[in-house]
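# A closer look at the structure
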Amino acid sequence: MATLPENRAAAGILFVLGGVLAISFNDMLIKQLSGGYPLHELVFIRSFIGIILSLFLIRMEGGLQILRTSQPMLHALRGLLIVIANMCYFAALAAMPLADATALFFAAPLIITLLSIPMLGEKVGPLRLSAVTVGFAGVIIMQRPWASAEELQVSRLVLVLPVIAALTYALNQLMTRMLGVNSKASAMSVYVQLAFIVVSSGFFLVAGDGRYAEGLDNPSLFFLLRAWVWPTPQDWVWLVAMGANAAIIGYCLSQAYRIADAATVAPFEYVGLPLAVLWGWLIFGDLPALEVWIGITLILGSGLFVFLREQHKARMVARGPVKRR
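None of the values given here were measured: they were computed from a predicted structure.

## Notes on the overall build of the protein chain
A tally of regular secondary structure across the protein chain gives 14 helices and 0 strands. A compact globule built from 325 residues would reach a C-alpha radius of gyration of about 20 Å, and the protein chain, at 20 Å, matches this within 12%. Put simply, 85% of the contacts in the protein chain that link residues at least 6 apart link residues at least 24 apart. Surface exposure of the protein chain reaches about 14,600 Å², of which carbon and sulfur atoms provide 70%.

## A word on the nonpolar core
If you look at the biggest cluster of nonpolar residues, it comprises 76 residues, and the most contacted ones within it are L42, Y89 and M96. A total of 10 residues in this core trace back to one element, the largest contributor, which is helix α3 (residues 72-93). Once you skip the residues sitting within four places of it in the chain, L42 turns out to touch I30, L33, Y37, F223, L239 and M242.

## Looking at the packing of aromatic side chains
Applying the stated criterion across every chain yields a total of 10 aromatic pairs. Ring plane angle 80 degrees and centroid distance 6.1 Å describe the contact between F105 and F106, whose orientation is recorded as edge-to-face. By the ring-pair criterion, three or more aromatic residues cluster together here, those being Y89, F90, F105, F106 and Y169. Above the face of the F196 ring, R46 is positioned so that its terminal group lies 5.1 Å from the ring centre.

## Here's the deal with the confidence of the model for the protein chain
With 90% of its residues at a pLDDT of at least 70, the protein chain reaches an overall mean of 82. In this model residues 1-6 is a low-confidence stretch, pLDDT under 50, and it forms 10 contacts with partners more than four residues away in sequence or in other chains.

## A word on empty space enclosed by the protein
One pass over the full model with this rule turns up 1 cavity of 30 Å³ or more. Size it by volume and the largest cavity reaches roughly 480 Å³. Lining the largest cavity are 33 residues, and of these I23, N86, Y169, I249 and L253 sit closest to its centre. For the lining of the largest cavity, the elements supplying multiple residues, two or more each, are α1 (9-33), α3, α4 (98-105), α8 (156-179), α9 (185-207), α11 (233-259) and α13 (272-284). In terms of residue count, the dominant contributor to the lining of the largest cavity is α3 (6 residues). Residue composition of the lining of the largest cavity, grouped by class: 18 nonpolar, 11 polar and 4 charged.

## Notes on the pattern of salt bridges
Per the stated rule, a full pass over the model turns up 1 salt bridge. Here R211 makes a salt bridge to D209, at a shortest N to O gap of 3.0 Å.

## Observations concerning the environment of F222
Relative to the assigned elements, F222 resides in helix α10 (residues 219-225). Residue classification places F222 among the partly exposed positions, given a relative accessible area of 32%. With 131 residues separating them in the primary sequence, F222 and A91 have C-alpha atoms 8.9 Å apart. In contact with F222, other than residues within four places in its own chain, are A213 and L216.

## Side note on the environment of A9
Considering the arrangement of structural elements, one finds A9 in helix α1. For A9, a relative accessible area of 26% gives the class partly exposed. Taking the C-alpha atoms as reference points, A9 and Y257, 248 residues apart in sequence, are found 9.7 Å from one another. Leaving out residues up to four positions away in the same chain, A9 has contacts with A260 and T264.

## Regarding the packing of α4 against helix α6 (residues 126-143)
As a packed pair, α4 and α6 sit with axes 9 Å apart at the nearest point and diverge in direction by 145 degrees. Both α4 and α6 take part in a crossing whose hand is left-handed. Taken together, the residues of α6 that come into contact with α4 (itself represented by D100, A103 and L104) are V139, M142 and Q143. In terms of residue class, the contact of α4 with α6 is made up of 4 nonpolar, 1 polar and 1 charged.

## Focus: α13
For the α-helix, the turn length of 3.6 residues means that residues three or four positions removed from each other point alike. With 13 residues, α13 ought to run about 18 Å at 1.5 Å a step, and its terminal C-alpha atoms sit 17 Å apart, in line with that. By the burial criterion, the buried members of α13 are G272, L273, L275, A276, V277 and G280. Looking at the residues trailing α13, positive phi occurs at G285, about 70 degrees.

## Examining a nonpolar patch on the surface
A grouping of L74, L77, L80, I84, V160 and I164 is seen on the molecular surface, where their side chains present a nonpolar patch of about 430 Å² in accessible area. Sorting the residues of the nonpolar patch by element identifies α3 and α8 as the ones contributing at least two each. It is α3 that provides the largest number of residues to the nonpolar patch, a total of 4 residues. Position of L74 relative to the elements: it lies in helix α3.

Rules behind the numbers
- Residues numbered from 1 in each chain as written.
- Predicted model: local features only at pLDDT ≥ 70, side-chain atom pairs only at ≥ 80, totals over all residues.
- Heavy atoms only, no water.
- Helix = DSSP H or I, 4+ residues; strand = E, 2+ residues; numbered from the N terminus.
- Rg over C-alpha atoms; globule rule 2.2 N^0.38 Å.
- Contact = heavy atoms within 4.5 Å.
- Areas by Shrake-Rupley, 256 points an atom, 1.4 Å probe, with all protein chains shown as cover.
- Core = buried A, V, L, I, M, F, W, Y, C linked by side-chain atoms within 4.5 Å.
- Buried < 20%, exposed > 50% of the residue type's maximum accessible area, 1.4 Å probe, protein only.
- Phe/Tyr/Trp six-rings, centres within 6.5 Å; stacked < 30°, edge-to-face > 60°.
- Lys NZ or Arg CZ within 6 Å of the ring centre and 35° of its normal.
- pLDDT = per-residue confidence, 0-100.
- 1 Å grid on protein atoms, 1.4 Å probe; cavity = no way out; pocket = protein on both sides within 12 Å on 5 of 7 lines; lining within 4 Å.
- Points joined across faces, edges and corners; volume = space filled by probe spheres on them.
- Nonpolar A, V, L, I, M, F, W, Y, C, P; charged D, E, K, R; others polar.
- Salt bridge = Lys/Arg side-chain N within 4 Å of Asp/Glu carboxyl O.
- Axes fitted to C-alpha atoms, helices over the stretch in contact; angles between N-to-C directions.
- Left-handed = near helix turned anticlockwise from the far one by under 90°.
- Expected span 1.5 Å × (residues − 1).
- Patch = residues over 30% accessible without salt bridge, like charges linked within 9 Å, V, L, I, M, F, W, Y side chains within 5 Å.

Written out as structure tokens, the structure reads:
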């Protein structure tokens, strides 16, 4: 395997913060528009606009020749993973509060920390592993396995969707770190947008007339399969904003995980948690239930501990040999 790019932690952190800010705005728009449009239509329009903007970034980073790759299948797999992550997460948004879905999705940095061991060879000590375990306990609490279907107000399937999204997103970002050795961030962003366009076009050909949405009472499935409609002039403004966001998200996150260690930048994605709570309260009037607050606290606390432990280890290594604990 080729040598990984230089680990530029500060730049990686700035890129991931920019990406998370764009994601929080994007999630709010998706939930806002989910009542009038199918998911695959929103994804298609967003990605079509996003790929145009990404091509401008391609020109800035070296031109169309940087799109050439010796690993097309791995890039295709990475694109498929991020498509699955987005579809699962956005389908959950149609049926549950924004903060709840976001908090469950934020199992992703914990999964990234775990999977960075076998996939990237990064070293994670027992204290960090213990913190990850605490974070997963928060995920379980938010799933409320003791509650009945009536108490949950959403199906168990909907509650699992953000966790599936977290797993596929984590795998995607670890592949970003590996593929970033030989690929520019703008090129990887274009590959992802292409994957979204291909998959959403397939959904349109199969279910674009809404035939499979008839009689569905599950809001997530209805959002996924309802018929395409032409957007209103007012909604086009938000759709264009979503497209610009798609380009920003793809570039910033690809760049963050390309230039910095996954375990270093991943905890900064937790900035999305308070942003999701804020959007949910301001736009939709939702505030998390007690179990969600407990889960958020455990997930956020464990993620911050993992980050602080990583920074402490880096400082100790810089001073000289250190015994791993």
